[in-house]
Amino acid sequence: MKRIGFLTSGGDCQSLNATMRGVAKTLYEKIEDVEIIGVLDGYKGLIYGNYKKLNPRDFSGILTEGGTIIGTSRQPFKLMREPDENGMDKVKAMKNNYAKWKLDCLVILGGNGTHKTANLLSEEGLNVVTCPKTIDNDLYGTDMTFGFQSAVNIATAAIDNIHTTASSHSRVFIVEVMGHSVGWLTLHAGIAGGADIVLIPEIPYDIDKVVDAINKRTEQGKKFSILAVAEGALSKEDVKLSKKDIKKKMKMYPSVSYMIGAEIEEKTGQEIRIMVPGHTQRGGIPCPYDRVISSRLGAAAAELIIKEKYGYMVGIRNNEIVPVPLSEVAGKIKAVNPDSSIIREAKNLGICFGD
Ligand code: F6P
């Protein structure tokens, strides 16, 4: 008999349920007597002892369902070692609930912050196996995270839909893409959507270069331009500022696109519109690619549980699923390398990065 806990943490994405289904189906298939419980609302449920028993039928029909059937929340890693408002020791509470629920393993689905806490729990002696989730694709130790391709589809559709109206009205459009502090989502959606200018945090932009690219298009008789701008994009000047000063400067605008838009409008005299698809990028059904990797990652995570190989994330490397030690993953970020071939290829296509 094995008792396994599932926990989803951090921002949600399209393929969380598909991944849990992959783990559950494999466990039910391979282990005669297995009980699964869902820890509710991420680490909050583990701290405060909230869970629900899950049955095989709970995993039916959820391959295509976005969100997470057990809820999620953000519990910052930096506060994990600090007592809560009632003086409760959170790490101790999580360990106590794990023991009280008689878990053999906790399967944690999450991104960067989640993995720091997962590693902490593993170091504290809990049996942990994790799956790489995030639309940002910034998790170290895996080529791909589930959620990313579904979000690329949505961000690309946003750029596609802007093309016709931008062209009819001869406007400059900025589509702001999520991605936290990295540019994977913007880069992929920008290429897929045929954006003319792509601004990502890893390549600080010079606004004059951006303006030159727009003017060049105008001179060529192209009446519209589309920019795909990462929510974390930074100018060459702003990249020198402290995080605090950037935050202060950004307070003047709803988001970075509005600042860039105002500068372009002033320098070109062209009409600008901003479009922010925001959280829609995390919603809806997972795309087939995500369903495939989620199912594979889930099955691989279950395999680790069966082998009692704990303290690993299942990652994708060269299209193979491999176990990656949590200590290797936690605390690192996988950013776009400005010298990588995808950037070179995008530049060869004529995409301007503002550098
Ligand atoms: O990490 C996923 C993500 O959607 C980022 O792209 C974005 O910066 C952030 O989460 C938004 O977080 P929240 O849902 O807490 O506003």
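The coordinates are above.
Residues numbered from 1 in each chain as written. Predicted model: local features only at pLDDT ≥ 70, side-chain atom pairs only at ≥ 80, totals over all residues. Heavy atoms only, no water.

Draft legend 1. The arrangement of the sheet that holds strand β7 (residues 197-199) in detail. Read from one edge to the other, the open sheet built from four strands follows the order β7-β8-β6-β9, with strand pairing classed as parallel. Edge positions in the sheet fall to β7 and β9 (272-275), since each of these pairs with one other strand and no more. On average, each strand axis in the sheet is tilted by 20° relative to the strand beside it, whichever way the strands run. The sheet contact formed by β7 and strand β8 (residues 225-230) spans three bridges and is parallel. Residue pairing in the sheet places V198 in a bridge with A228 of β8. (Pairing = 2+ DSSP bridges. Helix = DSSP H or I, 4+ residues; strand = E, 2+ residues; numbered from the N terminus. Axes fitted to C-alpha atoms, helices over the stretch in contact; angles between N-to-C directions.)

Draft legend 2. The site of the ligand, seen in detail. All residues in the neighbourhood of the ligand are listed as R74, I135, D136, M178, G179, H180, E231, H279 and R282. Residue D136 places a side-chain N or O atom 2.7 Å away from an oxygen atom belonging to the ligand. Within the side chain of E231, a nitrogen or oxygen atom sits 2.6 Å from an oxygen atom of the ligand. Look at the ligand: alone it shows 400 Å² of surface, and the protein chains cover 72% of it. Because more than half of its atoms lie within 2 Å of the grid, the ligand is assigned to the largest pocket. Of the residues assigned to the shell around the ligand, the class counts are two nonpolar, three polar and four charged. Of the residues that make up the shell around the ligand, three or more belong to each of domain 1 (2-147 + 286-329) and domain 2 (151-282). (Near = heavy atom within 4 Å. Polar contact = N/O pair within 3.5 Å; in protein donor to acceptor, adjacent residues only side chain to side chain. Areas by Shrake-Rupley, 256 points an atom, 1.4 Å probe, with all protein chains shown as cover. 1 Å grid on protein atoms, 1.4 Å probe; cavity = no way out; pocket = protein on both sides within 12 Å on 5 of 7 lines; lining within 4 Å. Sits in = over half its atoms within 2 Å of the grid points. Nonpolar A, V, L, I, M, F, W, Y, C, P; charged D, E, K, R; others polar. Domains from an automatic or database assignment.)

Draft legend 3. Summary view of the side chain of T26. Here T26 is to be found in helix α1 (residues 16-30). You can call T26 buried: its relative accessible area is 16%. (Buried < 20%, exposed > 50% of the residue type's maximum accessible area, 1.4 Å probe, protein only.)

Draft legend 4. Local environment of the sheet that holds strand β5 (residues 128-132). Overall, mixed pairing links the seven strands, which are arranged β3-β2-β1-β4-β5-β10-β11 in an open sheet. The open sheet has two free edges, formed respectively by β3 (51-54) and β11 (320-325), since each of these has just one partner strand. Across the sheet, the mean angle from the axis of one strand to that of its neighbour is 30°, orientation sign disregarded. Pairing between strand β1 (residues 2-8) and strand β2 (residues 34-39): five bridges, direction parallel. Bridge pairing in β2 links R3 to E35. Across the sheet, α1 touches β1, β2, β3, β4 (105-110) and β5, and the angle it forms with β1 is around 175°. (Contact = heavy atoms within 4.5 Å.)

Draft legend 5. Structural detail: the nonpolar core. In terms of nonpolar packing, the biggest core is built from 62 residues, with F6 and L27 touching the most fellow members. If you tally residues by element for this core, the top one is helix α5 (residues 148-169), at eight residues. No fewer than three residues from each of domain 1 (2-147 + 286-329) and domain 2 (151-282) sit in this core. Contact partners of L27, with chain neighbours within four places excluded, come to I4, V34, I36, A302, I305 and I306. Counting residues in hydrophobic clusters, the runner-up holds 25 residues, among them M80, A118, L121 and V324. (Core = buried A, V, L, I, M, F, W, Y, C linked by side-chain atoms within 4.5 Å.)

Draft legend 6. View of the packing of aromatic side chains. All told, the structure shown has three aromatic pairs when counted by the stated rule. Here the aromatic residues F6, Y28 and F59 are joined through ring pairs into a cluster of three or more. Stacked on the ring of F224, the Lys or Arg R217 has its end atom at 5.4 Å from the ring centre. Note that K309 overlies the ring of Y312, its terminal NZ or CZ placed 5.1 Å from the centroid. (Phe/Tyr/Trp six-rings, centres within 6.5 Å; stacked < 30°, edge-to-face > 60°. Lys NZ or Arg CZ within 6 Å of the ring centre and 35° of its normal.)

Draft legend 7. A look at the layout of surface pockets. Each pocket or cavity is described by its volume, and for the largest pocket that value is around 1600 Å³. As for the largest pocket, its lining consists of 43 residues, of which R74, D136, D138, H180 and S181 are closest to the centre. Mapped by element, the contributors of at least two residues to the lining of the largest pocket are α4 (112-123) and α8 (243-250). In terms of residue count, the dominant contributor to the lining of the largest pocket is α4 (five residues). A breakdown of the residues in the lining of the largest pocket according to their chemical character gives 13 nonpolar, 17 polar and 13 charged. Counting only domains with at least three residues in the lining of the largest pocket, you end up with domain 1 (2-147 + 286-329) and domain 2 (151-282). Its volume calculated, the second largest pocket comes out at about 300 Å³. Along the wall of the second largest pocket there are 16 residues; nearest its centre are D196, R217, G350, I351 and C352. Here the element with the most residues in the lining of the second largest pocket is helix α7 (residues 207-219); it accounts for four residues. Broken down by class, the residue content of the lining of the second largest pocket amounts to seven nonpolar, four polar and five charged. (Points joined across faces, edges and corners; volume = space filled by probe spheres on them.)

By themselves, these figures tell us nothing about what the structure is for.
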